[in-house]
Amino acid sequence: LPLITLISGLTAPEVHALASTPDSALQIADDTHHILTRSHDYVLLALVLVSIALLVINYFRIKSQKALQESEQRFQALAERSVVGISIVQDGVYRFVNPCLAEMFGYHQADLIGKKGPADFVHPDDRPGVEASMRKRILGEEDFAHYEVRMVNKQGETRFVEVFGSRMTYQG
């Protein structure tokens, strides 16, 4: 009875009065059934559409995560096996160094990542030029840099190295 009152807009006494004859009771029940069926169909349709949308979103999320993971694995494999030194520098500190670069400096990767940066190895006479080049890239004045610089390794040996550097977004 409360459900019929809510849907039909009739008060409880009106429903009781109408329900006193068999024909009117059937009419109210029939109207209420159509309203409920229509409402129920819209709710089901909405749920189906939301479910489909969530499945599509999840599919593309998984697909993009897989593509990102594959890209990271390709970079890792390439960088780890490279015969040239590769690094990622953020805030003046190495965030990534490959084995070749670590070996050039006489260190293990773990001794460099998050602990040291290029300034720790650049020959003192070459620091102003290297710092200027890095600052230009950070500020977006220069996208790419190519220069030769002297680096000093752990054993104190000075080596000339050719640097190719560019700006990139790293971890967001």
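Residues numbered from 1 in each chain as written. Predicted model: local features only at pLDDT ≥ 70, side-chain atom pairs only at ≥ 80, totals over all residues. Heavy atoms only, no water.

With 13 residues, helix α6 (residues 127–139) should cover 18 Å at 1.5 Å per step; its first-to-last C-alpha distance of 18 Å lies within 8% of that length. Of all the residues in α6, the buried ones are Val130, Ser133 and Arg137. Projection of α6 onto a plane perpendicular to its axis shows the buried side chains occupying an angular sector of 65°, all on one side. Away from the buried face of α6 by more than 90 degrees, exposed residues Pro128, Ile138 and Leu139 are located. Against β3 (144–152) and β4 (158–166) lie the buried residues of α6. (Helix = DSSP H or I, 4+ residues; strand = E, 2+ residues; numbered from the N terminus. Expected span 1.5 Å × (residues − 1). Buried < 20%, exposed > 50% of the residue type's maximum accessible area, 1.4 Å probe, protein only. Arc of directions from axis to C-beta. Contact = heavy atoms within 4.5 Å.)

As a further point, take the layout of surface pockets. Left-over empty space is what a probe sized like a water molecule reveals as it rolls over the atoms. The computed volume of the largest pocket comes to approximately 1,500 Å³. Surrounding the largest pocket, 44 residues form its lining, Ser87, Ile88, Val89, Arg137 and Ser166 being those nearest its centre. Those elements that place two or more of their residues in the lining of the largest pocket are α3 (22–81), β1 (87–90), β2 (93–97), α4 (99–105), α6, β3 and β4. For the lining of the largest pocket, the element with the most residues is α6, which contributes seven residues. (1 Å grid on protein atoms, 1.4 Å probe; cavity = no way out; pocket = protein on both sides within 12 Å on 5 of 7 lines; lining within 4 Å. Points joined across faces, edges and corners; volume = space filled by probe spheres on them.)

In this section: the pairing of β3. Sheet topology note: the β3/β4 ladder contains nine bridges and is antiparallel. Among the inter-strand pairings, valine 149 is bridged to a residue of β4, identified as valine 161. Linkage of β3 to β4, two consecutive antiparallel strands, is achieved through a turn of five residues, within which glycine 156 is found at a positive phi near 85°. (Pairing = 2+ DSSP bridges.)

Among the surface-exposed residues, Tyr42, Leu45, Val48, Leu49, Ile52, Val56, Tyr59 and Phe60 lie close enough to one another that they form a single nonpolar patch of about 820 Å² accessible area. Within the secondary structure layout, leucine 49 lies in helix α3. (Patch = residues over 30% accessible without salt bridge, like charges linked within 9 Å, V, L, I, M, F, W, Y side chains within 5 Å. Areas by Shrake-Rupley, 256 points an atom, 1.4 Å probe, with all protein chains shown as cover. Salt bridge = Lys/Arg side-chain N within 4 Å of Asp/Glu carboxyl O.)

Judged by nonpolar contacts, the single largest core of 13 residues is most densely connected at Tyr94, Phe105, Leu112, Phe121, Val149 and Met151. Element by element, the count of residues in this core is highest for α4, at three residues. If near-sequence neighbours (up to four positions away) are discounted, phenylalanine 121 is found in contact with Tyr94, Phe105, Tyr107, Leu112, Lys116, Arg150, Met151 and Val152. (Core = buried A, V, L, I, M, F, W, Y, C linked by side-chain atoms within 4.5 Å.)

A few words on the side chain of arginine 137. The topology assignment puts arginine 137 in helix α6. Glutamate 142 provides the closest opposite charge to the buried, unpaired arginine 137, separated from it by 4.5 Å. Discounting residues that sit within four places of it in the chain, arginine 137 has contacts with Glu142, Asp143, Ala145, Tyr147, Gly165, Ser166 and Arg167. (Lys, Arg positive; Asp, Glu negative; His and termini not counted.)

Another point: the pattern of salt bridges. Throughout the structure, instances matching the rule amount to two salt bridges. Arginine 159 serves as the salt-bridge partner of glutamate 157, at 3.8 Å between the closest nitrogen and oxygen. For glutamate 157, a relative accessible area of 41% corresponds to the partly exposed category. Judged by relative accessible area, which is 38%, arginine 159 ranks as partly exposed.

For the rest of this paragraph, the subject is the packing of aromatic side chains. Throughout the structure, instances matching the rule amount to six aromatic pairs. A ring pair is formed by tyrosine 59 and phenylalanine 60, whose centres lie 5.0 Å apart and whose planes are at 75°; its orientation type is edge-to-face. Seen from their ring centres, tyrosine 94 and phenylalanine 121 are 6.5 Å apart, and the 35° between their planes marks the pair as tilted. One end of the pair, tyrosine 94, is in strand β2; the other, phenylalanine 121, is in the loop between α5 (109–112) and α6, with 27 residues separating them in the sequence. Of the two residues, tyrosine 94 and phenylalanine 121, neither departs from the other in class, the shared state being buried. Taken together, the aromatic side chains of Tyr94, Phe105, Tyr107 and Phe121 make up a single cluster linked through ring pairs. Just above the ring of tyrosine 107 sits the side chain of lysine 154; from NZ or CZ to the centre is 4.9 Å. (Phe/Tyr/Trp six-rings, centres within 6.5 Å; stacked < 30°, edge-to-face > 60°. Lys NZ or Arg CZ within 6 Å of the ring centre and 35° of its normal.)

Read these as layout, nothing more, since geometry by itself doesn't imply function.
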